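# Notes for the structure review
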Amino acid sequence: MKILHISDLHFPKKLPLFSLRGKAIVGYLSYRLRRKSKHPLVLISAMVEAISKLEYDALIISGDLTNVSHPGEFQNAKEILSPLLTEKTFIIPGNHDRYHKRAVGPNPLFEKTFSEWLGTSLDSKLYIRSKKIGGKLFIGWDSNYAIPRITASGYVSREILDKTLDLVKEPYVLVCHHPLWNPKTEIESKTHQMTNRAEVVEKLKINPPELYLHGHTHTNWVKLPGPNTSFPIVNSASSTRLSDRNHECGFHLIEMEKSTQYRRFIYSEDKFIETNPIFYEESEGVI
(Lines give C-alpha, C1' and ligand atoms only; values in the text may rest on other atoms or scores of the structure.)
Protein backbone atom coordinates (compact mmCIF):
# COMPACT_ATOMS: atom_id res chain seq x y z
CA MET A 1 0.00 0.00 0.00
CA LYS A 2 1.47 3.35 -1.11
CA ILE A 3 -0.15 6.34 0.62
CA LEU A 4 0.49 9.83 -0.71
CA HIS A 5 -0.22 12.42 1.98
CA ILE A 6 -0.64 16.16 1.35
CA SER A 7 -2.03 18.86 3.63
CA ASP A 8 -2.55 22.60 4.26
CA LEU A 9 -2.86 23.57 0.62
CA HIS A 10 -4.32 27.05 1.26
CA PHE A 11 -5.07 27.59 -2.40
CA PRO A 12 -4.98 31.30 -3.28
CA LYS A 13 -8.18 32.99 -4.42
CA LYS A 14 -8.82 36.72 -4.75
CA LEU A 15 -12.02 37.61 -2.90
CA PRO A 16 -14.10 40.82 -2.73
CA LEU A 17 -13.97 42.24 0.80
CA PHE A 18 -17.71 42.98 0.77
CA SER A 19 -18.37 39.23 0.57
CA LEU A 20 -16.61 38.59 3.91
CA ARG A 21 -17.89 38.89 7.47
CA GLY A 22 -16.38 38.95 10.96
CA LYS A 23 -13.03 37.28 11.47
CA ALA A 24 -12.94 36.24 7.79
CA ILE A 25 -12.07 39.86 6.93
CA VAL A 26 -9.08 39.83 9.29
CA GLY A 27 -8.05 36.34 8.18
CA TYR A 28 -8.24 37.20 4.51
CA LEU A 29 -6.25 40.43 4.89
CA SER A 30 -3.63 38.53 6.88
CA TYR A 31 -3.41 35.96 4.11
CA ARG A 32 -3.13 38.58 1.35
CA LEU A 33 -0.50 40.64 3.15
CA ARG A 34 1.55 37.97 4.96
CA ARG A 35 1.02 34.50 3.49
CA LYS A 36 -0.02 34.77 -0.17
CA SER A 37 3.58 35.03 -1.42
CA LYS A 38 4.47 31.85 0.47
CA HIS A 39 2.03 29.80 -1.65
CA PRO A 40 2.93 30.77 -5.24
CA LEU A 41 0.88 29.43 -8.13
CA VAL A 42 3.95 27.93 -9.78
CA LEU A 43 4.53 25.73 -6.73
CA ILE A 44 0.90 24.59 -6.71
CA SER A 45 1.07 23.62 -10.39
CA ALA A 46 4.34 21.78 -9.77
CA MET A 47 2.77 19.81 -6.91
CA VAL A 48 -0.19 18.66 -9.01
CA GLU A 49 2.15 17.70 -11.84
CA ALA A 50 4.52 15.82 -9.52
CA ILE A 51 1.71 13.85 -7.87
CA SER A 52 0.23 12.99 -11.27
CA LYS A 53 3.50 11.29 -12.16
CA LEU A 54 3.89 9.32 -8.91
CA GLU A 55 2.59 5.80 -8.36
CA TYR A 56 0.31 5.53 -5.32
CA ASP A 57 -2.70 3.59 -4.07
CA ALA A 58 -4.33 6.29 -1.91
CA LEU A 59 -4.17 10.09 -1.85
CA ILE A 60 -4.96 11.56 1.58
CA ILE A 61 -5.59 15.29 2.06
CA SER A 62 -5.73 16.28 5.73
CA GLY A 63 -7.40 19.67 5.53
CA ASP A 64 -6.95 23.41 5.00
CA LEU A 65 -7.74 23.53 1.31
CA THR A 66 -9.03 27.10 1.76
CA ASN A 67 -8.05 30.19 3.75
CA VAL A 68 -11.31 31.65 5.08
CA SER A 69 -13.97 29.12 3.96
CA HIS A 70 -15.39 31.34 1.24
CA PRO A 71 -17.62 29.54 -1.32
CA GLY A 72 -15.35 30.74 -4.11
CA GLU A 73 -12.34 29.21 -2.37
CA PHE A 74 -13.98 25.80 -2.19
CA GLN A 75 -14.76 25.81 -5.91
CA ASN A 76 -11.25 27.03 -6.66
CA ALA A 77 -9.73 24.20 -4.60
CA LYS A 78 -11.88 21.63 -6.37
CA GLU A 79 -10.82 22.94 -9.79
CA ILE A 80 -7.11 22.89 -8.91
CA LEU A 81 -7.31 19.38 -7.48
CA SER A 82 -9.53 17.99 -10.24
CA PRO A 83 -6.70 16.00 -11.93
CA LEU A 84 -6.13 14.19 -8.60
CA LEU A 85 -9.70 13.64 -7.41
CA THR A 86 -10.43 9.96 -8.01
CA GLU A 87 -11.78 6.95 -6.13
CA LYS A 88 -8.32 6.76 -4.50
CA THR A 89 -8.77 10.17 -2.81
CA PHE A 90 -9.85 10.73 0.81
CA ILE A 91 -10.25 14.28 2.20
CA ILE A 92 -10.98 15.70 5.65
CA PRO A 93 -11.45 19.39 6.66
CA GLY A 94 -8.98 21.65 8.42
CA ASN A 95 -9.65 24.63 10.67
CA HIS A 96 -9.47 27.04 7.72
CA ASP A 97 -12.22 24.99 6.03
CA ARG A 98 -14.40 25.60 9.13
CA TYR A 99 -13.49 29.28 9.52
CA HIS A 100 -16.99 30.47 10.41
CA LYS A 101 -20.44 29.06 11.10
CA ARG A 102 -21.54 29.42 7.47
CA ALA A 103 -18.92 26.80 6.60
CA VAL A 104 -20.27 24.33 9.17
CA GLY A 105 -24.02 24.15 8.56
CA PRO A 106 -26.82 23.51 7.99
CA ASN A 107 -25.43 22.80 4.48
CA PRO A 108 -21.67 22.70 5.08
CA LEU A 109 -19.60 24.09 2.22
CA PHE A 110 -16.82 21.54 2.68
CA GLU A 111 -19.16 18.55 2.51
CA LYS A 112 -21.13 20.10 -0.34
CA THR A 113 -18.00 20.59 -2.46
CA PHE A 114 -16.06 17.41 -1.72
CA SER A 115 -18.83 14.90 -0.96
CA GLU A 116 -17.50 12.37 -3.49
CA TRP A 117 -14.18 12.04 -1.66
CA LEU A 118 -15.25 12.11 2.00
CA GLY A 119 -16.04 8.43 2.38
CA THR A 120 -19.03 7.09 4.34
CA SER A 121 -20.39 8.59 7.56
CA LEU A 122 -20.37 6.10 10.44
CA ASP A 123 -22.70 8.23 12.58
CA SER A 124 -25.27 10.80 11.46
CA LYS A 125 -24.56 13.06 14.45
CA LEU A 126 -20.76 12.79 14.58
CA TYR A 127 -18.02 13.42 12.03
CA ILE A 128 -16.53 9.96 11.67
CA ARG A 129 -15.87 9.09 8.05
CA SER A 130 -14.55 5.83 6.65
CA LYS A 131 -13.25 4.83 3.26
CA LYS A 132 -11.59 1.63 2.14
CA ILE A 133 -8.97 2.14 -0.57
CA GLY A 134 -7.01 -0.79 -1.96
CA GLY A 135 -8.12 -2.94 0.97
CA LYS A 136 -6.87 -0.43 3.58
CA LEU A 137 -9.39 1.24 5.92
CA PHE A 138 -9.04 4.99 6.42
CA ILE A 139 -10.91 6.78 9.22
CA GLY A 140 -11.35 10.55 9.13
CA TRP A 141 -12.11 12.91 12.02
CA ASP A 142 -13.02 16.60 12.07
CA SER A 143 -11.13 18.24 14.94
CA ASN A 144 -12.21 21.76 13.94
CA TYR A 145 -15.01 24.01 15.08
CA ALA A 146 -16.05 27.50 14.00
CA ILE A 147 -15.73 30.20 16.65
CA PRO A 148 -15.95 33.98 16.20
CA ARG A 149 -12.49 34.95 17.44
CA ILE A 150 -9.18 34.36 15.67
CA THR A 151 -7.94 31.00 16.92
CA ALA A 152 -6.90 27.67 15.42
CA SER A 153 -7.41 25.23 18.29
CA GLY A 154 -9.16 21.90 17.84
CA TYR A 155 -11.01 19.25 19.81
CA VAL A 156 -12.16 15.66 19.32
CA SER A 157 -15.17 14.82 21.47
CA ARG A 158 -15.34 11.79 23.74
CA GLU A 159 -18.37 10.64 21.73
CA ILE A 160 -16.25 10.50 18.57
CA LEU A 161 -13.49 8.64 20.38
CA ASP A 162 -15.84 6.08 21.92
CA LYS A 163 -17.83 5.58 18.73
CA THR A 164 -14.70 5.08 16.62
CA LEU A 165 -13.22 2.55 19.01
CA ASP A 166 -16.55 0.74 19.16
CA LEU A 167 -17.10 0.56 15.40
CA VAL A 168 -13.63 -0.02 13.97
CA LYS A 169 -12.68 -3.68 14.24
CA GLU A 170 -9.85 -3.96 11.69
CA PRO A 171 -6.46 -2.30 11.14
CA TYR A 172 -6.92 1.33 10.10
CA VAL A 173 -5.17 4.59 9.23
CA LEU A 174 -6.47 7.61 11.15
CA VAL A 175 -6.61 11.04 9.47
CA CYS A 176 -7.18 14.24 11.45
CA HIS A 177 -6.07 17.84 10.91
CA HIS A 178 -4.48 18.60 14.29
CA PRO A 179 -1.25 16.96 15.59
CA LEU A 180 -1.18 14.60 18.56
CA TRP A 181 2.53 15.25 19.11
CA ASN A 182 5.00 18.03 18.35
CA PRO A 183 8.80 18.21 18.37
CA LYS A 184 10.12 20.34 21.22
CA THR A 185 11.18 22.93 18.64
CA GLU A 186 7.60 23.12 17.26
CA ILE A 187 5.44 23.25 20.41
CA GLU A 188 2.02 24.75 19.65
CA SER A 189 0.28 27.43 21.65
CA LYS A 190 -3.01 26.61 23.37
CA THR A 191 -4.82 28.66 20.71
CA HIS A 192 -3.40 26.43 17.96
CA GLN A 193 -3.33 22.87 19.32
CA MET A 194 -5.90 20.13 19.83
CA THR A 195 -6.90 21.00 23.37
CA ASN A 196 -7.63 17.42 24.53
CA ARG A 197 -4.97 15.52 22.63
CA ALA A 198 -3.61 13.81 25.75
CA GLU A 199 -7.07 12.28 26.24
CA VAL A 200 -7.16 11.26 22.56
CA VAL A 201 -3.76 9.57 22.81
CA GLU A 202 -4.78 7.72 25.96
CA LYS A 203 -8.04 6.50 24.39
CA LEU A 204 -6.30 5.34 21.21
CA LYS A 205 -4.21 2.92 23.26
CA ILE A 206 -7.31 0.70 23.34
CA ASN A 207 -7.24 0.26 19.56
CA PRO A 208 -4.35 2.22 18.04
CA PRO A 209 -4.23 3.02 14.33
CA GLU A 210 -1.44 1.73 12.12
CA LEU A 211 -0.63 5.32 11.18
CA TYR A 212 -1.81 8.85 12.06
CA LEU A 213 -1.78 11.48 9.30
CA HIS A 214 -2.22 15.20 10.03
CA GLY A 215 -1.26 18.73 9.00
CA HIS A 216 -1.90 22.12 10.68
CA THR A 217 1.72 22.84 11.65
CA HIS A 218 3.55 23.88 8.48
CA THR A 219 6.65 21.75 8.93
CA ASN A 220 7.21 18.16 7.78
CA TRP A 221 8.08 15.35 10.14
CA VAL A 222 7.68 11.65 10.88
CA LYS A 223 7.32 10.74 14.56
CA LEU A 224 8.39 7.13 15.03
CA PRO A 225 6.40 4.73 17.28
CA GLY A 226 6.98 5.22 21.01
CA PRO A 227 5.66 4.15 24.42
CA ASN A 228 2.70 6.57 24.39
CA THR A 229 1.83 6.44 20.70
CA SER A 230 2.68 2.99 19.36
CA PHE A 231 1.98 4.20 15.83
CA PRO A 232 3.94 6.57 13.56
CA ILE A 233 2.64 10.12 13.16
CA VAL A 234 3.21 11.91 9.84
CA ASN A 235 2.88 15.64 9.18
CA SER A 236 2.85 16.71 5.51
CA ALA A 237 2.11 20.41 5.96
CA SER A 238 2.27 22.61 4.09
CA SER A 239 2.54 20.85 0.74
CA THR A 240 2.11 24.11 -1.21
CA ARG A 241 4.30 26.43 0.85
CA LEU A 242 7.83 27.59 0.13
CA SER A 243 10.29 26.27 2.71
CA ASP A 244 12.25 28.75 4.78
CA ARG A 245 14.45 28.79 7.87
CA ASN A 246 11.56 27.81 10.14
CA HIS A 247 9.44 25.64 7.82
CA GLU A 248 10.43 22.39 6.10
CA CYS A 249 7.55 21.98 3.66
CA GLY A 250 6.53 19.27 1.19
CA PHE A 251 4.67 15.96 1.21
CA HIS A 252 5.23 12.26 1.90
CA LEU A 253 4.75 9.00 0.05
CA ILE A 254 4.41 6.24 2.66
CA GLU A 255 4.90 2.62 1.65
CA MET A 256 3.22 0.26 4.12
CA GLU A 257 4.37 -3.30 3.56
CA LYS A 258 6.08 -5.61 6.10
CA SER A 259 7.89 -2.51 7.26
CA THR A 260 6.92 1.12 6.65
CA GLN A 261 9.10 3.27 4.40
CA TYR A 262 8.86 7.05 4.03
CA ARG A 263 9.71 9.15 0.99
CA ARG A 264 9.62 12.95 1.18
CA PHE A 265 9.27 15.43 -1.67
CA ILE A 266 10.10 19.15 -1.55
CA TYR A 267 9.87 22.04 -3.99
CA SER A 268 13.21 23.11 -5.40
CA GLU A 269 14.09 25.01 -8.58
CA ASP A 270 10.59 24.98 -10.08
CA LYS A 271 9.87 21.30 -9.43
CA PHE A 272 9.39 18.73 -6.69
CA ILE A 273 12.35 16.51 -5.92
CA GLU A 274 12.84 13.65 -3.47
CA THR A 275 14.84 14.34 -0.33
CA ASN A 276 15.44 12.80 3.10
CA PRO A 277 12.50 12.50 5.53
CA ILE A 278 12.77 14.22 8.92
CA PHE A 279 12.49 11.61 11.68
CA TYR A 280 11.90 12.12 15.40
CA GLU A 281 11.81 9.75 18.34
CA GLU A 282 8.83 10.26 20.64
CA SER A 283 11.14 11.46 23.43
CA GLU A 284 12.20 14.41 21.22
CA GLY A 285 8.76 15.99 21.48
CA VAL A 286 5.62 16.35 23.56
CA ILE A 287 2.00 15.19 23.49
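See above for the structure.
Residues numbered from 1 in each chain as written. Predicted model: local features only at pLDDT ≥ 70, side-chain atom pairs only at ≥ 80, totals over all residues. Heavy atoms only, no water.

## Things to note about the pattern of salt bridges
Any two side chains of opposite charge can pair, on the condition that their charged atoms come close. Counted under the stated rule, the structure contains 16 salt bridges. Across the pair Glu49 and Lys53 runs a salt bridge whose closest N-O atoms are separated by 3.1 Å. Of this pair, Glu49 and Lys53 are both found in helix 2 (residues 41-53), four residues apart, which corresponds to roughly one turn of the helix. Residue Glu49 is classed as partly exposed on the basis of its relative accessible area of 45%. Ionic contacts of the salt-bridge type, sharing partners, join the residues Arg98, Glu111 and Asp142 into one network. (Salt bridge = Lys/Arg side-chain N within 4 Å of Asp/Glu carboxyl O. Helix = DSSP H or I, 4+ residues; strand = E, 2+ residues; numbered from the N terminus. Buried < 20%, exposed > 50% of the residue type's maximum accessible area, 1.4 Å probe, protein only.)

## Thoughts on helix 5 (residues 158-167)
Looking only at helix 5, the buried set comprises Ile160, Leu161, Thr164 and Leu165. The buried residues of helix 5 occupy an angular sector of 120° when projected down its axis, which confines them to one face. (Arc of directions from axis to C-beta.)

## A closer look at the pairing of strand 14 (residues 271-275)
Sheet faces and side chains relate simply in a regular strand, where the side chains alternate between the two faces. Here strand 13 (residues 260-268) pairs with strand 14 via five bridges, running antiparallel. Each bridged residue has a counterpart across the sheet, and for Ile266 the counterpart in strand 14 is Ile273. In textbook terms, the turn of a hairpin is the stretch between consecutive antiparallel strands, and for strand 13 and strand 14 this stretch comprises two residues, one of which, Glu269, has a positive phi near 55°. (Pairing = 2+ DSSP bridges.)

## A closer look at helix 6 (residues 197-204)
Residues of helix 6 that are buried include every one of Arg197, Val200, Val201 and Leu204, and no others. Projection of helix 6 onto a plane perpendicular to its axis shows the buried side chains occupying an angular sector of 95°, all on one side. Elements that come into contact with the buried residues of helix 6 comprise strand 6 (136-141), helix 5, strand 7 (172-175), strand 8 (182-183) and strand 16 (285-286). (Contact = heavy atoms within 4.5 Å.)

## Notes on the nonpolar core
In this structure, Leu4, Ile6, Leu65, Ile91, Phe114, Phe251 and Phe272 are the most contacted members of the largest nonpolar core, which totals 34 residues. Put simply, the parts of the chain that give this core at least two residues each are strand 1 (2-6), helix 2, strand 2 (58-62), helix 3 (71-81), helix 4 (109-114), strand 12 (251-256) and strand 13. With seven residues, helix 2 is the largest single contributor of residues to this core. With residues near it in sequence (within four places) discarded, Leu4 still touches Ile51, Leu54, Tyr56, Ala58, Leu59, Ile60, Phe251, His252 and Leu253. Of all hydrophobic cores here, the second largest spans 22 residues; its members include Trp141, Tyr172, Trp181 and Tyr280. (Core = buried A, V, L, I, M, F, W, Y, C linked by side-chain atoms within 4.5 Å.)

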